Structure formats: C-alpha cells, structure tokens
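Listed below are the residues making up each chain.
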Amino acid sequence: QVTLKESGPVLVKPTETLTLTCTVSGFSLNNARMGVSWIRQPPGKALEWLAHIFSNDEQSYSTSLKRRLTISKDTSRSQVVLSMTNMDPVDTATYFCARTTMGTYNSFDVWGQGTMVTVSS
Amino acid sequence: DIQMTQSPSSLSASVGDRVTITCRANQSISSYLNWYQQKPGKAPKLLICAASNLQSGVPSRFSGSGSVTDFTLTITSLQPEDFATYYCQQSYTTPRTFGQGTKVEIK
C-alpha cells in the first residue's frame, strides 16, 4: 500500500522558514518513474503546485515561489523535505505531498492527507 | 506558465443529471491533462489521467475527453457522493498548473 504523510509545524511566524517533511511508504524514492510533489491550498481556494523532485534529483519549482523554495530528498529515510523561506500570512494553507508517476502521465496518483500551516505572529 | 481555465466555476445539479465541466489550456498540452475530485477537508483524488484514462476503482459514470487545448469531464448520472469540487491539471510541462476548480452542488 502506497502512503504519503506530511509533518511539520502547525504555526509559524512571519519571516520564519517553514520546513515540511513528506514520509513515503510502499514505493521507493529511487524509482526512476516516480517522484514527489508538494501542492498547497489556502482555505477556500484552489490547488497550487509548489515543487517536485525525482529519483535523479531533478527538481522543479513554481515560477512565483522558486526564490523561496528548496526541495530535497533523503532516500534512505524515504523522506522528501520542502523548505519555504520568509513566510507570510498569505502562505497560510494546507500543504499536501503527492506521488508523481510517469506511468500515469505525471499525474498525482496518491496524496497525503495534508497538513495545515498557519502563519501568524 | 501554462494557464488552465475551468468552466463553470460552480454548478447546481440534481441526482441523476448529466454534468459537463470544461477545461482549457492557453497552449497545447497534448493529452497531458488530469482530473481530480476533492471533497471538503480531504485530499484530492485522481479520477482521470491522460485526458481520458479512468483510474482503477473510479466509477464508469466519469469520463474524460479532449486533446491539445480543450478538455471535458463528464459525469453521466450524478450520484450523491459526486458532490465535490473538481480540478483539472496539466502535466505537460513544469511548472505544473491547476484550474481554479468547479464546485458541483446539490440543486
């Protein structure tokens, strides 16, 4: 069974750096046909893709957020980590990680439950 | 970035109705179009990938069509559990982008 689970702080202050961890099971981060993406959703708003990373360490970022984002992976721990600097209240959102599979046209075929992050002083 | 535009933004329908949601890309994405269903407080669920490939376990009343820039999600006979928000998403290139969502509500 493939699962992904997000973890990280519930509350961060403005200007702080957010670090989120996605722990995966049921597949390997070494799998050449799979990667992990981060996606967020502010309350009541649409989904927004943030970044992805693949087994070969190929990374890609949202155009508007790339200066603030860093994605990395620890294959031995089955974890993908997303860092977002200079947090602002507009970054308040539920953050999801999801598996990207080349076999399904790079769709997000399995999602984590999401973790809600509030940015407030 | 490729912009994805869904219409309508919301609709009201009755159980048994046929529902159609459209998604348009502002440039060609071939068939790299995916549809997701999201219920309140839950993660999105992949329904259809590659424009028309129904995921395992997704009821056959859901179907997708289209290519290049214009795509459609159809629900042939709306069921109570189908009331949700639906998103299209292009996976043709990075950055990946989503439509703004279509909320399907009970009439």
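Keep in mind the model is a prediction, meaning the values are calculated, not measured.

A.B. asks: Would you explain the pairing of strand S11 (residues 102-106) of chain B in this entry?
C.D. replies: Successive side chains on a regular strand alternate, one facing one side of the sheet and the next facing the other. Residues and elements named next belong to chain B. Direction of pairing for strand S2 (residues 10-13) relative to S11: parallel, over a ladder of 4 bridges. Among the inter-strand pairings, serine 10 is bridged to a residue of S11, identified as lysine 103. As defined by bridge partners, strand S9 (residues 85-90) adjoins S11 across 2 bridges and the pair is classed as antiparallel. In the strand pairing of S11, threonine 85 is matched with lysine 103.

A.B. asks: Is there a simple way to think about the sheet that holds strand S1 (residues 4-7) of chain B in this case?
C.D. replies: Working definition: the strands of a sheet are paired by backbone hydrogen bonds and lie parallel or antiparallel to each other. Residue and element names in this part refer to chain B. On the basis of which strands lie adjacent, the open sheet formed by 4 strands has the order S1-S3-S8-S7 and antiparallel pairing. Strands at the two margins of the open sheet, each flanked by one partner only, are S1 and strand S7 (62-67). This sheet shows a mean twist of 15° between the axes of neighbouring strands, independent of strand direction. Pairing of strand S3 (residues 19-25) with strand S8 (residues 70-75), which is carried by 6 bridges, proceeds in the antiparallel orientation. Within the sheet, the bridge partner assigned to threonine 22 lies in S8 and is threonine 72.

A.B. asks: Quick question: what am I supposed to make of the state of the cysteines here?
C.D. replies: A disulfide bridge is the covalent bond that connects two cysteines by way of their sulfur atoms. Enumeration according to the criterion identifies 2 disulfides over all chains in this entry. The residue that forms a disulfide with A:Cys22 is A:Cys97, at a sulfur-sulfur distance of 2.2 Å. Torsion about the S-S bond of the A:Cys22 and A:Cys97 cystine: about 75°, corresponding to right-handed handedness. One end of the pair, A:Cys22, is in strand S3 (residues 18-25); the other, A:Cys97, is in strand S9 (residues 93-101), with 75 residues separating them in the sequence. The class for A:Cys97 is buried, based on a relative accessible area of 0%. One disulfide in the model links B:Cys23 with B:Cys88; its S-S distance is 2.1 Å. Classification of the bridge connecting B:Cys23 and B:Cys88 rests on its S-S torsion, roughly 70°, and on that basis the disulfide is right-handed. Pair noted here: B:Cys23 is in strand S3 and B:Cys88 is in strand S9, with a separation of 65 residues, a long-range link. Here B:Cys23 falls in the buried class, since its relative accessible area comes to 2%.

A.B. asks: Which parts of the structure should I look at to understand the interface of chain A and chain B?
C.D. replies: A common way to report how large an interface is uses the accessible area buried once the components associate. Listed by partner, the interface residues are 21 residues for chain A and 22 residues for chain B. Roughly 1,700 Å² of surface becomes buried between chain A and chain B when both sides are summed, with 65% attributable to carbon and sulfur atoms. At the surface where chain A touches chain B, the tally comes to 6 residue pairs in polar contact (both at pLDDT 80 or more). Looking at the side of chain A that touches chain B, the elements that each hand over two or more residues are strand S4 (34-41), strand S5 (48-54), strand S6 (59-61) and strand S10 (107-111) of chain A. At 4 residues, the largest contribution of residues to the side of chain A that touches chain B is made by S10(A). Of the residues that constitute the side of chain A that touches chain B, the class distribution is 9 nonpolar, 9 polar and 3 charged.

A.B. asks: What is the right way to look at the pattern of salt bridges in this model?
C.D. replies: Think of it this way: side chains of opposite charge can pair up when their charged atoms draw near. Residues and elements named next belong to chain A. Scanning the entire structure with this criterion turns up 9 salt bridges over all chains. Here aspartate 57 makes a salt bridge to lysine 73, at a shortest N to O gap of 3.6 Å. Of this pair, aspartate 57 sits in the loop between S5 and S6 while lysine 73 sits in strand S7 (residues 69-74), and the two are 16 residues apart along the sequence. Relative accessible area serves as the criterion here: at 42%, aspartate 57 is assigned to the partly exposed category. Lysine 73 gets classed as partly exposed once you look at its relative accessible area, which sits at 22%. Taken together, the shared-partner salt bridges in this structure form one network comprising Arg40, Glu48, Arg68 and Asp91.

About the cut-offs
- Each chain has its residues counted from 1, running along the sequence as written.
- A letter from A marks each chain and a number from 1 marks each ligand, given out in the order of writing.
- Where totals are concerned, whole chains, interfaces and linings use all residues; where local detail is concerned, this predicted model gives features only for residues with pLDDT of at least 70, and gives and counts side-chain atom pairs only at 80 or more.
- Working from all heavy atoms in the structure, the side-chain values ignore hydrogens and water.
- Should DSSP find at least two bridges between two strands, the strands are regarded as paired.
- Helix numbering and strand numbering both begin at the N terminus, where a helix is a DSSP run of H or I of at least 4 residues and a strand a DSSP run of E of at least 2.
- What counts as an axis is a line fitted to C-alpha atoms, over the stretch in contact for a helix, and the angles between N-to-C directions run from 0 to 180 degrees.
- Our working definition of a disulfide is a cysteine sulfur pair at a distance within 2.5 Å.
- Buried, partly exposed and exposed residues are distinguished by accessible area as a fraction of the type maximum, computed with a 1.4 Å probe on protein chains only: under 20%, between the cut-offs, and over 50%, respectively.
- We call two residues contacting when some pair of their heavy atoms lies within 4.5 Å.
- Defined in terms of a 1.4 Å probe, buried area is the accessible area two parts forfeit on being brought together, summed over both.
- Pairing of N or O atoms within 3.5 Å defines a polar contact, subject to two protein rules: one partner must be a possible hydrogen donor and the other a possible acceptor, and residues neighboring in sequence count only if both atoms are side-chain atoms.
- Residues are grouped as follows: Ala, Val, Leu, Ile, Met, Phe, Trp, Tyr, Cys and Pro are nonpolar; Asp, Glu, Lys and Arg are charged; all remaining types, including Gly, are polar.
- Salt bridge criterion: a side-chain nitrogen from Lys or Arg within 4 Å of a carboxyl oxygen from Asp or Glu.

Such coordinate-based values are descriptive only and should not be taken to indicate function.
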